[in-house]
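# Structural overview
Listed here are the chains, written in short residue letters.
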Amino acid sequence: MKSLLERPAPTATAALTLRRGAARVLIDNWTGTSTVPSRTLYPHQWSWDSAFIAIGLRHLSVRRAQQELESLLTAQWADGRIPHIVFNPALPHDAYFPSPDFWRSSSAGRAAGAPTAPETSGIVQPPVHALAAWLVHRADPAESARRGFLARVAPHLAAWHDYLLTRRDLGGAGLAAVVHPWEPGMDNSPGWDRALTRVEPTAPGTFRRADLAHGHPADRPTDLDYGRYVRLASDYRDAGYDDRATRFAFAVEDPCFNALLIAGEHALAAIVRELGEDGARHTARADTLTRLLVRRLWHEDAGIFRVRDLTDDTLVAQDGVSGLIPLLVPGLPPDITARLLATLTGPRFSAPATRLVPSYDLTGPAFDAQRYWRGPAWFNTAWLIHRGLRTHGLHQQAQHLRQGILTEAGASDFAEYVDPATGDARGARHFSWTAALTLDLLCADSEEPTA
């Protein structure tokens, strides 16, 4: 593995030191088949983490980046869903909660096509995978072609998107819905609060939270929130993970999730064209989804995209970083792009102690500088916004954000997230997607987003 650290790199001493540190995090968190987000807090394989990790790994080892995605896809269900956790069978069940014996994927998910092994969760995470696969391919097209990488992953990615656009079109308007706060990846965002009030929580004494063994309670979701998460997951499991039979107490259309699906459709179009096929179907779907995103989730007065609660079919009056990530979408109307930029650079999302973007409106009623997705600034969302800024030719703003990401990654020891008010590192350290996306920004700054 030493050779990975000796490849050509930026010549500046600080950049080289940062690159070596990021590479060391990914090497240390590698299990032999995939990369854990954190050796302590998250000891299994997570879905969108692996996509972000592959994007960074491509600069160290294209083969390993391919394996990161392929190992995840081996756990895909027959109905097309990619589960949000793939469990390592070598670890004890109490290493993480909810554990394999809670989800019971191989038995409860049998009708939905869950694999007999490995055990997985039954919910999903944002669809970053097609974009990641395309970027991994572009890192070394010859090696990708020699190994048949795109030909192997393309059917899996197409089935994944088909699942989201059919079984998860719960609102009937064409956007994908999420049915658990863990699915959009921003677990305790204030954007879910209203919908969660309808959920009767599981009693706290009936489960044990493993996350509090490695995270401070002030940083983590509350026991009340966790009880509601457990209730939603157990109800879905008891319904056989059937999207048509389950009566969802929580169902929302999320801007970030759907923006990533649009970016994924553009990436799939590029992938199938590279394989000699016609990508028009995926381009058309991306265009349709873009129109739907604007029609259903854009809030003109707030200047940001908002979550739609499908129970009452209304937009939720809470503004978070999810509503800025549609900058990633290349076909946004120019006036909306301009409004998003104004919101991004205005007082609601300009953190006093970091160039990163807070996860929630600094002036909002639910802002909490330390508690997970209720205020702290995250590296993966900053990377997505950086890519979005470049997609729309906003290079000065993108460079400002890029420098902030690199500075904070090094200063925080590749933390999971940082406090936007103080800049202090929060959550896990040596966090894999922070290291991976740092590598990407160090190594791919000249690359223009094309998918």
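Residues numbered from 1 in each chain as written. Predicted model: local features only at pLDDT ≥ 70, side-chain atom pairs only at ≥ 80, totals over all residues. Heavy atoms only, no water.

Turning our attention to the overall build of the protein chain. Along the backbone of the protein chain there are 16 helices and 10 strands. On C-alpha atoms alone, the protein chain measures out to a radius of gyration of 20 Å, which is about the 22 Å that the 2.2 N^0.38 rule sets for 451 residues. Along the longest, intermediate and shortest principal axes, the C-alpha atoms of the protein chain span 55 × 50 × 45 Å. By element, 51% of the accessible surface of the protein chain is carried by carbon and sulfur atoms, the whole surface being about 15,900 Å². (Helix = DSSP H or I, 4+ residues; strand = E, 2+ residues; numbered from the N terminus. Rg over C-alpha atoms; globule rule 2.2 N^0.38 Å. Areas by Shrake-Rupley, 256 points an atom, 1.4 Å probe, with all protein chains shown as cover.)

Turning our attention to helix H6 (residues 129-139). Three- or four-residue spacings in an α-helix give side chains the same orientation, since the helix completes a turn every 3.6 residues. Burial within H6 is extensive, with nine of its 11 residues counted as buried. Those residues of H6 that sit buried are His-129, Ala-130, Leu-131, Ala-132, Ala-133, Trp-134, Leu-135, Val-136 and His-137. Elements that come into contact with the buried residues of H6 comprise helix H2 (47-57), helix H3 (62-73), helix H7 (141-147), helix H8 (149-166), helix H11 (255-274) and helix H14 (379-391). (Buried < 20%, exposed > 50% of the residue type's maximum accessible area, 1.4 Å probe, protein only. Contact = heavy atoms within 4.5 Å.)

Our next topic: the pattern of salt bridges. Going through the model one piece at a time under the given rule, you end up with 26 salt bridges. The closest approach of N and O atoms between Asp-79 and Arg-81, which form a salt bridge, is 2.8 Å. You'll find Asp-79 and Arg-81 in the same group, each marked buried. Several salt bridges share partner residues, and in doing so they unite Asp-79, Arg-81, Arg-168, Glu-183 and Asp-243 into one network. (Salt bridge = Lys/Arg side-chain N within 4 Å of Asp/Glu carboxyl O.)

It is worth spelling out unusual backbone geometry at this point. Cis rather than trans, the peptide bond between Phe-97 and Pro-98 has omega equal to 0°. Omega for the peptide link from Ala-117 to Pro-118 comes to 0°, which places this bond in the cis form. At Asp-313, a residue that is not glycine, the phi angle is positive and equals roughly 55°. A relative accessible area of 42% means that Asp-313 is categorised as partly exposed.

A few words on the packing of H6 against H8. Two numbers describe how H6 lies on H8: the axes approach to 10 Å, and their chain directions differ by 165°. If you check the angle between H6 and H8, you find them roughly antiparallel. Handedness of the crossing formed by H6 with H8: left-handed. Here H6 contributes His-129, Ala-130, Ala-133, Trp-134, Val-136 and His-137 to the contact with H8, which in turn contributes Phe-149, Leu-150, Val-153, Leu-157, Trp-160 and His-161. (Axes fitted to C-alpha atoms, helices over the stretch in contact; angles between N-to-C directions. Parallel < 35°, antiparallel > 145°, perpendicular 65-115°, else oblique. Left-handed = near helix turned anticlockwise from the far one by under 90°.)

Within a sheet, neighbouring strands are paired by backbone hydrogen bonds and run either parallel or antiparallel to one another. In spatial order, the strands read S8-S9-S10; together these three strands make up an open sheet with antiparallel pairing. This sheet does not close on itself; its edge strands, each paired only once, are strand S8 (377-378) and strand S10 (425-426). (Pairing = 2+ DSSP bridges.)

What follows is about the packing of aromatic side chains. Across all of its chains, the model carries 25 aromatic pairs by this definition. On the numbers, 5.4 Å between centres and 85° between planes, the contact of Phe-431 with Trp-433 is edge-to-face. Both residues of the pair, Phe-431 and Trp-433, count as buried. The rings of Tyr-42, Trp-46, Trp-48, Phe-52, Tyr-96, Tyr-372, Trp-373, Trp-378, Trp-383, Tyr-417, Phe-431 and Trp-433 are connected pair by pair, giving a single aromatic cluster. When the ring centre of Tyr-372 is taken as reference, the NZ or CZ atom of Arg-220 above it lies at 4.5 Å. (Phe/Tyr/Trp six-rings, centres within 6.5 Å; stacked < 30°, edge-to-face > 60°. Lys NZ or Arg CZ within 6 Å of the ring centre and 35° of its normal.)

Glancing now at the sheet that holds strand S6 (residues 308-309). As summarised here, the arrangement of the three strands in space is S3-S6-S7, forming an open sheet in which the pairing is antiparallel. The open sheet has two edge strands, strand S3 (252-253) and strand S7 (314-315), and neither has a second partner. As paired strands, S6 and S7 are joined by two bridges and run antiparallel to one another. The partner of Arg-308 across the bridge, within S7, is Leu-315.

Moving on, we get to the environment of Asp-313. Note that Asp-313 resides in the loop between S6 and S7. When the C-alpha atoms of Asp-313 and Asp-287 are compared, they prove to be 23 Å apart, with 26 residues separating the residues in sequence. In this structure the side chain of Asp-313 is engaged in a polar contact, spanning 3.4 Å, whose partner is the side chain of Arg-296. (Polar contact = N/O pair within 3.5 Å; in protein donor to acceptor, adjacent residues only side chain to side chain.)

Interaxial distance between H2 and H6 falls to 9 Å at its minimum, and their mutual angle equals 20°. As far as their axial angle goes, H6 and H2 are roughly parallel. Pair H2 / H6 crosses with left-handed handedness. From H2, Ser-47, Trp-48, Ala-51, Ala-54 and Ile-55 reach across to H6, where they touch His-129, Ala-132, Leu-135 and Val-136. Taken together, the residues that form the contact of H2 with H6 break down as seven nonpolar, two polar and no charged. (Nonpolar A, V, L, I, M, F, W, Y, C, P; charged D, E, K, R; others polar.)

With that out of the way, let us pick up H3. With 12 residues, H3 extends 17 Å between its outermost C-alpha atoms, agreeing within 8% with the 16 Å of an ideal straight helix rising 1.5 Å per residue. Counted residue by residue, H3 has 10 buried out of 12 residues, so it is predominantly covered. Residues Val-62, Arg-64, Ala-65, Gln-66, Glu-68, Leu-69, Glu-70, Ser-71, Leu-72 and Leu-73 constitute the buried set of H3. On its buried side, H3 packs onto strand S1 (45-46), H2, strand S2 (85-86), H6, H7 and H8. (Expected span 1.5 Å × (residues − 1).)

Relative to the elements of secondary structure, Leu-324 occurs in the loop between S7 and helix H13 (334-345). Sequence separation between Leu-324 and His-386 is 62 residues, and the spatial gap between their C-alpha atoms is 11 Å. Excluding anything up to four places from it in sequence, Leu-324 contacts Ile-304, Leu-340, Thr-343, Leu-344, Phe-349, Val-357 and Ile-385.

Let us look at the environment of Ala-411. Assignment of secondary structure puts Ala-411 in helix H15 (residues 395-411). Judged by its relative accessible area of 67%, Ala-411 falls in the exposed class. Residues Ala-411 and Ala-22, spaced 389 residues apart in sequence, show a C-alpha to C-alpha distance of 12 Å.

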